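A structural walkthrough
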Amino acid sequence: MSGRVDGWRWAGRVFLVLILLFTAVPMVWMLLTSIKSQFAAMQYPPQWWPKEPTLENYTKLLDPTNPVGNDFLRYMWNSFYVSLATTVLGVAVAVPAAYAFSRFRFPGRTFLFFAVLLRNMFPAVVFLMPLFILMRWLGLVGTHGSLILTYLTFGLPLSIWLLKGFYDNIPIQLEQAARIDGATRFQAFLLIVMPLSVPGILATSIFSFIGAWNEYVYAATFLNRQDQLTLPVGIQRFFAEFATDWPGLMAATFLMSVPVVVLFLILQRYFVRALTEGAVKS
Amino acid sequence: MAKVTLENVVKTYGPVTAVGDVSFTVQDGEFVALVGPSGCGKTTTLNLIAGLIPISGGNIRIGDKLVNDLDPKDRDIAMVFQNYALYPNKTVAKNLAFPLQMRRLPKDEIARKVAEAARVLDITHLLERKPRELSGGQQQRVALGRALVRDPRAFLMDEPLSNLDAKLRVQMRTELKRFHQDLKATIIYVTHDQLEAVTMADKMAVMNGGTLQQYDSPKNVFDHPVNTFVASFVGSPAMSLVPLRRVVEGDAVALAGDGWQMPLSPANARKALSAKSDTVILGARHSTIALHDGPREGAVPGRVYTVEPTGDVTFVQVHVDGAIVIASLAPDVAVRSDTNVWLGFDQSRMHLFDCETQMALT
Amino acid sequence: MAVSSGPVTGSLRRDDGLLRRIVTHRADYAYVLPALVVMMVVIAYPIWFTVDMSFYKTPASLQLRDRTFVGWKNYHTILTAPAFWSVTLNTLIWTVASTFFAFLLGLGAALSLHREFAGRAVLRAILLIPYVISAVAASYLWKWLYHSDFGVIGALSVQWGFTDKPINFLDNIHTALPSLIVVNIWREFSFAMIMLMAGLQTVPEQLLRAAQVDGANAWQRFWHVTAPHLKGVSMVTVLLLMVANFNSFIVPWLMTGGGPAGASDIWITHIYQIAFGRQNWGLASAYSVILFIVMMCLGYFYVQALTRGDKGRPE
Ligand SMILES: Nc1ncnc2c1ncn2[C@@H]1O[C@H](COP(=O)(O)OP(=O)(O)O)[C@@H](O)[C@H]1O
Ligand SMILES: [Mg+2]
């Protein structure tokens, strides 16, 4: 029997190696391309290993005195600003809502909750037209406000769902104890529940941030001025003119991915917990 | 400390009545145990007194003050929860300090009171630990400490010992009792374990299905249960209850089973005659039943079902007329299963209940 | 337990009316209100707008004041256009194939990673990176890998002798859609992996031990113990993947734009093309409404799968 068990274990290892190659090789190739000159990248057969590696693509993108770098850094700042605002506002709105969904039984509670969840189901593209009109009406077209508001609503259902899961795991007796100890309902929430829900808030924040950072469709539609663009749209416009600058594009793509990957690696535990929260109940 | 009064207190959740019309008064300094089976409304009653849930009807007073609409923080009571409800992200010291901070006491006074409470409960060496680094018994002490640090008008405790292992439970029981005596504290103590109630409380309030069944001293509840529920709930092993036929011949009244009759004493005859129907429930505790190996005058025939030696006494379960009666024997007396025995009931210590209302006949 | 068996029963208040309950709980609504307002503005209004617009012919100038009511004509146009069925077929292939393979790879990875070993956490993190980075980044990256002249995939397939010259993956009606599906799987399988890994943790170790004692081999233990425990998670995962794939826009749009000759056109790219390429919002809205209906059906199952065992807590 142990022979068969080993057989399965070996199959698992082989599978892992294959899937690791499938995942990593494209990313490695991206990195290798990004340190080639444009001439070196456009060869057939390809240079498997860069003969003259160069960081020129990166220095160009990160140099504010260079027009390309200036634009790139501006896009990055825009992305950061929009994502951070989305995250902060999202948490501020989601925390009370999730707490209420977890703690109170009020008429329509279940209905409201599913209304919130269903928001997840609708694709961005079909909401583009009405939201465009709405933003035009609100006078937000061409501002970052339009994006922040939109991302907020896209993130909210998930944030509320995640946070509700965290609040469900905080025993109600803790709040009761606090109220007996002399806290008001709000103090009990602020002093006892909030500190305990920090992991939940972190988890939701990562989600909001990464979602906003990566968003393309609304950013491409709502923004029109060059200096407002966020990264996903920005690098597209940027390289459409020099469609053949693949090493530059790969470098830009890499730099665009760095913040989310770093954020993900640091807060991996919360990210994974957030992903699986709710779907897995023991 | 203060007295606590409940007047016709009601709590409903939609169609569910969790607590229905409960009234009792806990005198200043009294230790009252709220007992009853799981789901009978004990926690709900306690939460109503604490103000954690809004009351649906009736009045609650602490001291002479009506507190129906007061926030928990303004009722000045302390509470110990079943799962301790220690703040997991705070150290023991911070847990103890929290109620004092909420009341805006000066820092040095807080420190002094925390140290004092820790000393009394012997948890000084634990002050810098987090709750999850404590054993169950230590957590229990901290929870108690958090109630102790300020002197509230009353202590509410919701099954505070039920998460401890048996040995620790007995030990804490003694300590709690001692603590009550020293502080002369008003304590309302919820438990589903009638033994805890009997051993610790000045009075016990027996609840079932959201209503108060009996409110009296443990001795009176034990000796004079008002109905069959209380009779079978309080005392271990439970009081044996046997439904029997009432037979009246002239002045003589007897209880009859399958092929036998037990004449009743005049006092018991009077009780039996007040029953609404011809079926009367005979109740007897094991210690009031004598076991004979042959027929006797007034003894009731039965067949031994099981024999359970416990060391101190041996409990014998006997089939009588389709019901089980538990009697006790000295451990050195030998009985075997499936033998015939005769049970002698002590007429002065037996109970009679009306079969229709389940109430005690008096 | 509400029935009192005891003798004391006072007159009790009956269930309060709905209005009364709303009034007594009015403070609770304050907590959800901010969320509700935002959601209403951004859900209710767009849905109403889309349904309304689907009955109008809109001018290409997008001066919506000049629209004309045309009844069901937009729907008729959609359902009779030959493109509709080819796009629907593409959407089905795209959704089902992406979901199926992403789930399968995810399951394999989850099972292989379940056992503790050195480097497991690192491996898991690496596998998750494609899921974390933006679809835009993934699209450009793979566009470069698939490049018709200098793409590494084409070069490798020549090097290893599969083909004699590099394939033009994205510009060929037979290879465009499958190539996109590969990208999609690359991005998504680790989502399935992470969900199933969490699911695997709920399989009781004791049950597996018991099965082992009962003489079940590895496969039998998986089939009889592990698989039933993964059913719930798998349902949710598959539904989430389906929804995500059905709704995914960036990868096909940035990599092929639906081409060549509509070979990789799916509903979402098609709707975008009608709305913002041809500027025909009436038609695009009608398309969206049909999509809403499909999503609602998926949504129904999603909620069903998601709410197993979700019970709100009292007070
Ligand atoms: N928030 C609530 N909503 C509905 N029913 C409740 C709620 N809280 C308690 N109950 C019901 O009230 C009854 C009494 O509960 P509880 O006071 O917790 O019982 P105990 O503490 O005696 O075990 C139970 O039947 C319970 O189901
Ligand atoms: Mg209880």
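Quantities reported herein were computed from a predicted structural model and do not represent experimental measurements.

**Overview of the overall build of chain C**
When helices and strands are tallied, chain C shows 13 helices and two strands. Out of the 315 residues in chain C, the part that is buried amounts to 50%. The contacts in chain C between residues at least 6 apart in sequence include a share of 66% that link residues at least 24 apart. Approximately 15000 Å² of chain C is accessible, and the part contributed by carbon and sulfur atoms is 65%.

**Section: helix H9 (residues 185–196) of chain A**
Here H9 of chain A contains twelve residues, and its C-alpha end-to-end distance of 16 Å stays within 8% of the 16 Å for a straight helix at 1.5 Å per residue. Buried positions along H9 of chain A lie against helix H4 (67–103), helix H7 (144–168) and helix H8 (172–180) of chain A together with helix H3 (92–102) of chain B.

**Some thoughts on the packing of aromatic side chains**
Following the criterion strictly, the structure yields 42 aromatic pairs over all chains and no others. Ring geometry for Phe 155 of chain B versus Phe 179 of chain B: centroids 5.6 Å apart, planes at 70 degrees, classification edge-to-face. Of this pair, Phe 155 of chain B sits in strand S7 (residues 154–158) while Phe 179 of chain B sits in helix H6 (residues 166–183), and the two are 24 residues apart along the sequence. Each member of the pair, Phe 155 of chain B together with Phe 179 of chain B, is buried. Ring geometry for Trp 219 of chain C against Phe 222 of chain C: centres 5.8 Å apart, planes inclined by 35 degrees, an arrangement best described as tilted. You can see Trp 219 of chain C and its partner Phe 222 of chain C sitting in helix H10 (residues 218–246), three residues apart, about one turn around the helix. For Trp 219 of chain C, a relative accessible area of 44% translates into the label partly exposed.

**Concerning the domain arrangement of chain B**
Residues and elements named next belong to chain B. The assigned domain composition of chain B is domain 1 (4–227) and domain 2 (237–354). Relative placement of domain 1 and domain 2: their C-alpha centres are 40 Å apart. Taken together, the contact between domain 1 and domain 2 spans four residues of the former and four residues of the latter. Summed over both sides, the interface of domain 1 with domain 2 buries roughly 340 Å², with 65% coming from carbon and sulfur.

**So, the interface of chain A and chain B**
The interface is formed by 16 residues belonging to chain A together with 24 residues belonging to chain B. Together chain A and chain B conceal approximately 1700 Å² of surface at their shared face, both sides included; 64% is due to carbon and sulfur atoms. Of all residues in chain A, the largest losses of buried area upon contact with chain B belong to Arg 179, Ile 180 and Asp 181 of chain A, amounting jointly to 39% of the total for that side. Where chain A meets chain B, there are two salt bridges. Its salt-bridge partner being Arg 179 of chain A, residue Asp 71 of chain B comes within 4.0 Å of it at the nearest N-O pair. At seven residues, the largest contribution of residues to the side of chain A that touches chain B is made by H8 of chain A. Partitioning the side of chain A that touches chain B into residue classes produces nine nonpolar, five polar and two charged.

**Some words on the interface of chain C and chain A**
Listed as interface residues are 108 residues of chain C and, on the opposing side, 98 residues of chain A. Where chain C packs against chain A, one counts zero salt bridges. The interface formed by chain C and chain A contains six residue pairs in polar contact (both at pLDDT 80 or more). Ranked by residue count, the leading element in the side of chain C that touches chain A is helix H2 (residues 26–53) of chain C, at 17 residues. Classifying every residue of the side of chain C that touches chain A by side-chain character gives 80 nonpolar, 18 polar and ten charged.

**Section: the domain arrangement of chain C**
Residue and element names in this part refer to chain C. We note that the domain assignment places domain 1 (29–69) and domain 2 (82–287) within chain C. Computed from C-alpha atoms alone, the centre-to-centre distance between domain 1 and domain 2 is 32 Å. Contacts between the two partners involve ten residues from domain 1 and, on the opposite side, seven residues from domain 2. Between domain 1 and domain 2, roughly 650 Å² of surface is buried when both sides are summed, and carbon and sulfur atoms account for 65% of that area. The largest per-residue losses of area from domain 1 upon contact with domain 2 belong to Ser 54, Thr 58 and Leu 62, which jointly make up 52% of the total buried on that side.

**Concerning unusual backbone geometry**
Residue and element names in this part refer to chain B. Residue Pro 237 is bonded to the preceding Ser 236 through a cis peptide linkage, with omega at 0 degrees. Mapped onto the elements of the fold, Pro 237 is located in the loop between helix H9 (228–233) and strand S11 (240–249). In this model, Asp 321 sits at a positive phi of 55 degrees, which is unusual for a non-glycine residue.

**Points about the side chain of Glu 30 of chain B**
Residues and elements named next belong to chain B. By the secondary structure assignment, Glu 30 is in the loop between strand S2 (16–26) and strand S3 (31–35). Among the polar contacts listed, one links the side chain of Glu 30 to the side chain of Lys 203, at a separation of 3.0 Å. Apart from the residues within four sequence positions on either side, Glu 30 is in contact with Thr 25, His 180, Ala 185, Thr 186, Ile 187, Asp 202, Lys 203 and Tyr 215.

**As for the environment of Leu 104 of chain C**
Residue and element names in this part refer to chain C. If you trace the backbone, Leu 104 turns up in helix H4 (residues 82–114). Since its relative accessible area comes to 44%, Leu 104 is described here as partly exposed. For the pair Leu 104 and Met 193, spaced 89 residues apart in sequence, the C-alpha to C-alpha distance is 9.0 Å.

**Here we look at the pattern of salt bridges**
Residues and elements named next belong to chain C. Within the structure shown, the criterion is met by 18 salt bridges over all chains. The salt bridge involving Arg 67 is made with Asp 52; its shortest N-O contact spans 3.1 Å. Placement of Arg 67 in the loop between strand S1 (56–57) and strand S2 (68–69) and of Asp 52 in helix H2 is noted, with a sequence separation of 15 residues between them.

**Some details on the nonpolar core**
Counting residues in each nonpolar core, the largest one holds 150 residues, and the members touching the most others are Tyr 218 and Ile 235 of chain A together with Met 193 and Trp 281 of chain C. Taken domain by domain, this core gets at least three of its residues from each of domain 1 (29–69) and domain 2 (82–287) of chain C. For Tyr 218 of chain A, the contacting residues outside a window of four places in its chain are Ala 124, Phe 127, Leu 128, Leu 131, Leu 147, Thr 150, Tyr 151, Phe 154 and Leu 223 of chain A. Counting residues in each nonpolar core, the second largest holds 61 residues, with Val 22, Leu 52 and Tyr 87 of chain B together with Ala 35 of chain C among its members.

**Topic: the side chain of Ser 277 of chain B**
Residue and element names in this part refer to chain B. One can find Ser 277 in the loop between helix H10 (266–273) and strand S14 (279–284). A relative accessible area of 18% places Ser 277 in the buried class. Setting aside anything within four residues of it in sequence, one finds Ser 277 in contact with Arg 246 and Glu 356.

**A short note on the sheet that holds strand S9 (residues 203–208) of chain B**
All names here are of chain B. Strands sit in the order S6-S7-S8-S3-S9-S10 across an open sheet of six strands; the sheet is mixed. Edge positions in the sheet fall to strand S6 (77–80) and strand S10 (211–216), since each of these pairs with one other strand and no more. Within the sheet, the average angular offset between the axes of one strand and its neighbour, ignoring direction, is 15 degrees. Relative to S9, S3 is paired through four bridges, and the arrangement is parallel. Directly across from Val 35, in S9, lies its bridge partner Val 206. Contacting S3, S6, S7, strand S8 (187–191) and S9, helix H1 (residues 42–50) runs over the sheet at an angle of about 150 degrees to S7. Each of S6 and S7 is contacted by helix H5 (residues 136–148), which is oriented at about 175 degrees to S6, the strand it contacts most.

Conventions adopted
Residues numbered from 1 in each chain as written. Chains lettered and ligands numbered in written order. Predicted model: local features only at pLDDT ≥ 70, side-chain atom pairs only at ≥ 80, totals over all residues. Heavy atoms only, no water. Helix = DSSP H or I, 4+ residues; strand = E, 2+ residues; numbered from the N terminus. Buried < 20%, exposed > 50% of the residue type's maximum accessible area, 1.4 Å probe, protein only. Contact = heavy atoms within 4.5 Å. Areas by Shrake-Rupley, 256 points an atom, 1.4 Å probe, with all protein chains shown as cover. Expected span 1.5 Å × (residues − 1). Phe/Tyr/Trp six-rings, centres within 6.5 Å; stacked < 30°, edge-to-face > 60°. Domains from an automatic or database assignment. Buried area = accessible area lost by both parts, 1.4 Å probe. Salt bridge = Lys/Arg side-chain N within 4 Å of Asp/Glu carboxyl O. Nonpolar A, V, L, I, M, F, W, Y, C, P; charged D, E, K, R; others polar. Polar contact = N/O pair within 3.5 Å; in protein donor to acceptor, adjacent residues only side chain to side chain. Core = buried A, V, L, I, M, F, W, Y, C linked by side-chain atoms within 4.5 Å. Pairing = 2+ DSSP bridges. Axes fitted to C-alpha atoms, helices over the stretch in contact; angles between N-to-C directions.

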